Structure formats: structure tokens, C-alpha cells
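The lines below spell out each chain.
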Amino acid sequence: MTGTTPTLGWLGTGRMGSAMVGRLLDADHPVRVWNRTRSKAQPLADRGALVVDSVAELAGCDIVFVMVSTSADLRQVLLGEGGLLTADDRRVGVVVDCSTVSAETSAGVRAAAAARGVDFLAAPVSGNPHVVAEGGACLVASGGQDAYDRARPYLATIGRTVVHAGPDEQSRLVKLCHNLYLGMMVESLVEVVTLAEKGGVNRAAFLEFLNGTVLASDWVRKRTPDLVDRDWQPTFTTELLRKDFDLGLGAARASEVPMPVASLVHQLIQVAIGHGHRDDDFLAMYEVQAAAAALDAGRAAGGGAR
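Residue indices begin from 1 for each chain and proceed along its sequence in written order. Where local features are concerned, this predicted model is filtered to residues with pLDDT of at least 70; where side-chain atom pairs are given and counted, the filter is 80 or more; whole-chain, interface and lining totals use all residues. Excluding hydrogens and water, the side-chain figures rest on all heavy atoms present in the structure.

Here the focus is the packing of aromatic side chains. Two measures describe an aromatic ring pair: the distance that separates the ring centres and the angle between the ring planes. What counts as a ring pair is set by centres within 6.5 Å for rings of Phe, Tyr and Trp (its six-membered ring), and what kind of pair is set by the plane angle: stacked under 30 degrees, edge-to-face over 60, tilted for all other angles. Counted by the stated rule, this structure contains four aromatic pairs. When the ring of Trp219 is compared with that of Phe282, the centres are 5.9 Å apart and the planes differ by 35°; the resulting orientation is tilted. Taken together, the residues span a long stretch of sequence, with Trp219 in helix α9 (residues 218–229) and Phe282 in the loop between α11 (260–277) and α12 (285–292) at a distance of 63 residues. Within the aromatic cluster, the residues linked to one another by ring pairs are Trp219, Phe236 and Phe282. Put simply, DSSP marks the helices as runs of H or I at least four residues long and the strands as runs of E at least two long, and each gets a number from the N terminus on.

Below, the discussion takes up the layout of surface pockets. Here a cavity denotes grid points, spaced 1 Å and computed from the protein atoms alone, that fit a 1.4 Å probe unable to get out, and a pocket denotes an open set having protein on both sides within 12 Å along at least 5 of 7 lines; residues with an atom within 4 Å of a point are the lining. Grid points are joined across faces, edges and corners, and a volume is the space filled by probe spheres set on the points. By volume, the second largest pocket is sized at about 320 Å³. Lining the second largest pocket are 19 residues, and of these Leu173, Gly248, Gly250, Ala251 and Ala252 sit closest to its centre. Here the lining of the second largest pocket gets seven residues from one element, more than from any other, and that element is helix α10 (residues 238–254). Grouping the amino acids of the lining of the second largest pocket by side-chain chemistry returns eleven nonpolar, four polar and four charged. Each residue gets one label: Ala, Val, Leu, Ile, Met, Phe, Trp, Tyr, Cys and Pro are nonpolar, Asp, Glu, Lys and Arg are charged, and the others, such as Gly, are polar.

The subject of this paragraph is the pattern of salt bridges. Here, a salt bridge means any Lys or Arg side-chain nitrogen found within 4 Å of an Asp or Glu carboxyl oxygen. For the coordinates displayed, the defined rule picks out 14 salt bridges. The residue Arg47 makes a salt bridge to Asp26 at a minimum N-O spacing of 3.0 Å. Residue Arg47 is found in the loop between α2 (42–46) and β3 (50–51), and its partner Asp26 is found in helix α1 (residues 15–26); the two are separated by 21 residues along the sequence. Arg47 sits in the partly exposed class, given a relative accessible area of 44%. Here Asp244 and Lys243 are joined by a salt bridge, their closest N and O atoms 3.0 Å apart. For the pair Asp244 and Lys243, one class covers both residues: buried. Each of Asp119, Asp146 and Arg150 takes part in a single network of salt bridges with overlapping partners. Categorising residues by exposure relies on relative accessible area from a 1.4 Å probe, with only protein chains included: less than 20% of the type maximum marks a residue as buried, more than 50% marks it as exposed, and the intermediate range marks it as partly exposed.

Relative to the elements of secondary structure, Leu11 occurs in strand β1 (residues 8–11). The class for Leu11 is buried, based on a relative accessible area of 0%. Each C-alpha atom, one on Leu11 and one on Phe120, is 14 Å from the other, the two residues being 109 residues apart in sequence. Here, residues are in contact when the closest pair of their heavy atoms is within 4.5 Å. Each residue touching Leu11, except ones within four places of it in the same chain, is listed here: Trp34, Val55, Leu58, Val64, Phe65, Val66, Met67, Val77, Leu78 and Leu84.

Moving on, we get to the packing of helix α7 (residues 170–198) against α11. Structural elements are reduced to axes, namely lines fitted to C-alpha atoms, with helices fitted over the stretch in contact, and the angle between N-to-C directions of any two is expressed from 0 to 180 degrees. Two elements in contact, α7 and α11, have axes whose closest approach is 10 Å; the angle formed by their N-to-C orientations is 70°. What the angle tells us is that α7 and α11 run roughly perpendicular. Here Leu180, Gly183, Met184 and Glu187 of α7 come into contact with α11, specifically with Val261, Ala262, Val265 and Leu268. Classifying every residue of the contact of α7 with α11 gives six nonpolar, one polar and one charged. Every angle not falling under 35 degrees, over 145, or within 65 to 115 is termed oblique; those three ranges are roughly parallel, roughly antiparallel and roughly perpendicular.

Bringing the packing of α7 against α9 into the picture now. Relative orientation of the contacting elements α7 and α9 amounts to 50°, with a least axis distance of 13 Å. The angle between the axes of α7 and α9 places the two elements in the oblique class. As for how α7 packs across α9, the hand of that crossing is right-handed. Along the contact surface, α7 presents Leu182, Met185, Val186, Leu189 and Val193, while α9 presents Trp219, Val220 and Leu227. In terms of residue class, the contact of α7 with α9 is built from eight nonpolar, no polar and no charged. Two helices that cross are described as forming a left-handed crossing if the nearer one is turned anticlockwise from the farther one by less than a right angle, and a right-handed crossing if clockwise.

Quick look at the structure:
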């Protein structure tokens, strides 16, 4: 690394990336950022980030974080034309990828980085942008111990929990298991909410009861107002959840692990997308369940069946 204070770069400032960069800026860590659509990074520039025009301008940073949507995006920004790992004159120290991508893609990128003398740390994150902004994110990392030790102070600034899961792609599997569980949990939630509501119970009242029991969770409590008001402003879209189920069920097949519940939920996610909820928050799975139960589409917020 150069000097005593590592230079930080960031690739990808969508909803999650922006929230994570914001945590670093709030802790007085200077960050250079790049985003495919430069204007979307302007709010970070207003907070003190240096917005650059090309990925190559981050190649001299000690640590570069990546937060993109898909495996193809990761390969493009790192190995595609003008990618971070293609610069001949400058070399980044550690690449820390916080995206949710396949283990196969991660392993391929790790090998390509190693061939260029660059350390690669896979560090996917749990938490939506609001949770990240509040400091409640959890990150699981895998890769070499030295790379983890160098990146950990910044990961700990971004989130409240940072775990090193192993030397290779273990963190990818941990994150996929997390998101499979999240999808199954949400489907279970919307099913019981719909049942209570179809029986004439005010859904706000039902959720208030549920949130006071041992089955409660911080996540459900925080998302209760959205479910009550049927507010599907995206924190994590249905399409992104489908992508993670595709990856998670692929990992299960590779390991010969049966996933009967997750497989069913995968199809229900597809139904939600087919009904126009692709870009909505994945809590919109409630709408599919409510329609299947023939709940009155004109029901008032929080109300029961009419």
C-alpha cells in the first residue's frame, strides 16, 4: 500500500453502493467513485467524494470496492474493455467485491486478479440501503487473510458485523443462503398476513401482534409500514431476488442438496414478475398472494376483507 493511509476507490454507486460509500465519507475516508451513469454519483460528490470519468482512473488505488448487480457486470468492470484489472501502468492493491454473484464468476475473477498480482476479497453485504445508511449492514468476506485484514477496517465502517468465512468463495454461498431464506421468509409472511386478512382481521393489527411475539424480527418490524400501506418502493427488487434464487438453487443442485421450499418460492417470485412487479420491492409478493386469495383489490390500507 502507498503511505500510511490507503487510497479508496468505488465502482458502482446505485442504491446500495451509494449508501455504502456514504458510510465511508461520514467517517472521513476520502473515496474516488465511478458509476456508469455519472450523474447518479453527483449526490456523493456533493458529500465530498471525487467522481472520476473512467474505471481506469481507480487503478492506482490501494483498495477498490465493487457493488454491481450481476455476474456479467462484475466481469465487465474488472476484466472488460477499460476494466479495472486491464490497466498496464497501474495496479490496484485489493479488489473487494460486495456484489451478490455466482461462486463460479467470483472464482474466475479471483484467478484473473491473482494473475495480475492483485488480491481479491469477496464481501457480499446483507441489508437494504436504509439499513446500510443506519450502520446496520452485515458483511461476510472470503479470501486471503492479508487481504481481509487490510479491508476489514473499512468493512467495519460500512456495517456492524463483519465475518471472515474462508479463503475462497465461501462468502458467496453464505450470502445466497441468506437470500434464499429471506425469500422463503417473505413468502411465509405474506401467506399468513393474507389468511388473517381474508378472515376479516385488520392487517395492521395482525402485524402488530406478530411483532410482539417471539417470532418477531427487526426486519419485519421495519418493513411493517410498507406492507400495511402496500408501498412497494424498491429497497430490493423482485427481479434481483429472482437472480439470487437462480444462483442459490444452482449452488444447491451442484451440491446435491434438495430445496423443495425454495424451489416453490422461486416459482412464486416468477409469478410476481409476470404480474408486473419486476421493478417493485419484493414485498410486492403480497399482491400476488392477495389476488390468489380473492381479497378485494379496493381494500383500505391495513384493512381486512370486505
